[in-house]
Amino acid sequence: MLLIMIDLEDLRARPDAYQKAAKDKGLKIDVKKFLKLDKERKDLLGKVESGRAEKNAVSKKIPTMKGKEKETTLEEMRTLSISLKEQDAKLSEIEEEWEMTQLELPTIPLDSVPIGKDETENREVRKWGDLPKFNTSSGFSASFKIKDHVKLGEDLDIIDIPRGVKLAGARSYFLKGDGARLEMAVLQFALDHLYKKGWTQFTPPYMASWECLMGTGFFPGAEEQTYAVGAEEKRGSGVEADDLYLIGTSEVSVASYHKDEVLKEEDLPTRYAGYSPCFRREAGTYGKDTKGLYRIHQFQKIEQVVLCKADQEEGLKLFEEIRTNAEEVLQSLNLPYRIIDVCTGDMGKGKVFMQDIETWMPSRNSYGETHSCSYLGDFQARRLNIKYEDKDGNKQFVHTLNNTCIASPRILIPLLEIYQQEDGTVTIPDVLRPYMGGQAVIG
RNA sequence: GGAGGGAUGGCUGAGUGGUCGAAAGCGCACGACUCGAAAUCGUGUAGACCCCUACGGGUCUCGAGGGUUCGAAUCCCUCUCCCUCCGCCA
């Protein structure tokens, strides 16, 4: 099955725009070289196809032939067959590279996206909420001794990192008692928030195939970041690996829900809320964010996944919608946050527009990423082969978007640290109390 | 884990080497009939890629990959998935 992951016509029409996008996103892609390969493929394909056409035509006539004519024709056909096979092999070789290169090609970001090489060039858009009073520019200094979430968790016996590490190695943890209950409460609160707005809740598979990881754009690229299941057992001779992978976000499963389907326009946009544990190897992050629950191998997340019409205006409207949903959750919890325009170098090859939400974390004395909102145009839809039929009966690729609604335990960092009291207890935010049997305090 | 059966177009389902990208039925679209509708009749109805201004033409696809053959839905090998029965089990 031939994979076409990009709008080839568009690429052929304006290669410079793609080359610029690649450069801005920091990708080592030579668009000219790809186009050369593309042409090579096309030329050879033409040859191979006309060869096959001839073969097919003659083959059709063979049953009507007799005697010597038949003998010589068969002999000729045997020779033709062999040379066709050689050409086929060469074509496959070219197509393999052609497909692999396509997988690396970027989408073109919106003009409004800041151009920059990494996260240091992301741009703050706006802030919401007042920073907690006990926090000053020098970090913790207040009328009482402030604790970070690790100390709070330890003292309250609601987070147990040492035992997590004992069982499963670095970046593992237990939530315990009210800590575990608080996590469930905040997750359930976020789910209900979406449910009230008509969103459809999903508990998806937590394992997904290579096609899903590739289709959502995580592969190639994030292999090192992904846990594979059954990797040692390669079977078959297909090009696709048939391992399963633990998902790093339910976006992988939920966006793949309609893989290879043609949807009806009136069914769009879909508003899907995926709940799942998320697994990340965090390879290559040794020494980074080693303390506490910020960067860990396993967490839980409610993710918003939207499929919509191939219309940028509508896409951006939905982008606002899903970002607002997340903001509303943070506002209900009264957690200060800011919105960040993610720059080209930090956004990933498939993204067209991306904003992060960062929530204030006293122990870091800074905002820390808690949400990531993305508009991917038809990037995922092409890879996943998800189309819709518009009013005129034309089939088009959908556009996809996604945003975190809430991710835990990272959100527990601001939650515990900001709501801590002088007596060492933690006040439970009003909106979460119904989910904890009316409980008001952890202490 | 043991034993069998299966995978064909939107669906049901025929097809065991060429006349098959594929019967028939259903569904759907258009047309005729009708005041209108139902029924009936007629016509059409997979996708991807390539060539072409267009008309049109070509290649590939019958779960996936490979093989045999001039020629494969059909024969051979490997894999995947689904179903039924038995066992086990949250």
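One structure accompanies this document, and this report is about it.

Each value, and the rule that gives it
Residues numbered from 1 in each chain as written. Chains lettered and ligands numbered in written order. Predicted model: local features only at pLDDT ≥ 70, side-chain atom pairs only at ≥ 80, totals over all residues. Heavy atoms only, no water. Buried < 20%, exposed > 50% of the residue type's maximum accessible area, 1.4 Å probe, protein only. Helix = DSSP H or I, 4+ residues; strand = E, 2+ residues; numbered from the N terminus. Pairing = 2+ DSSP bridges. Axes fitted to C-alpha atoms, helices over the stretch in contact; angles between N-to-C directions. Salt bridge = Lys/Arg side-chain N within 4 Å of Asp/Glu carboxyl O.

**Focus on the pairing of strand β14 (residues 353-361)**
Burial within β14 is extensive, with 9 of its 9 residues counted as buried. Of the pairings in the sheet, the one linking strand β13 (residues 337-341) to β14 comprises 5 bridges and is antiparallel in character. Residue pairing for β14: I339 is matched across the bridge by I357. For β14 and strand β15 (residues 366-375), the ladder comprises 9 bridges, and the chain directions are antiparallel. The residue of β15 that forms the bridge with M354 is S374. Between β14 and β15, which follow one another and run antiparallel, lie 4 residues, and N365 among them has a positive phi close to 50°.

**Focus: the sheet that holds strand β17 (residues 395-397)**
Sheet architecture is open: 3 strands sit in the order β10-β16-β17, paired in mixed fashion. The open sheet is flanked by β10 (262-264) and β17, the only strands paired with a single partner. The mean inter-strand angle of the sheet, taken between neighbouring strand axes irrespective of direction, is 40°. Pairing between strand β16 (residues 387-389) and β17: 3 bridges, direction antiparallel. In the strand pairing of β17, K387 is matched with F397.

**Remarks on the pattern of salt bridges**
Evaluated as defined, the whole model comprises 32 salt bridges. Its salt-bridge partner being D178, residue R181 comes within 3.0 Å of it at the nearest N-O pair. Linking R181 with D178, this pair stays in helix α7 (residues 178-196), spanning 3 residues, or about one helical turn. For R181, a relative accessible area of 35% gives the class partly exposed. Here K301 and E303 are joined by a salt bridge, their closest N and O atoms 2.7 Å apart. Side by side, K301 and E303 carry an identical accessibility label, which is buried.

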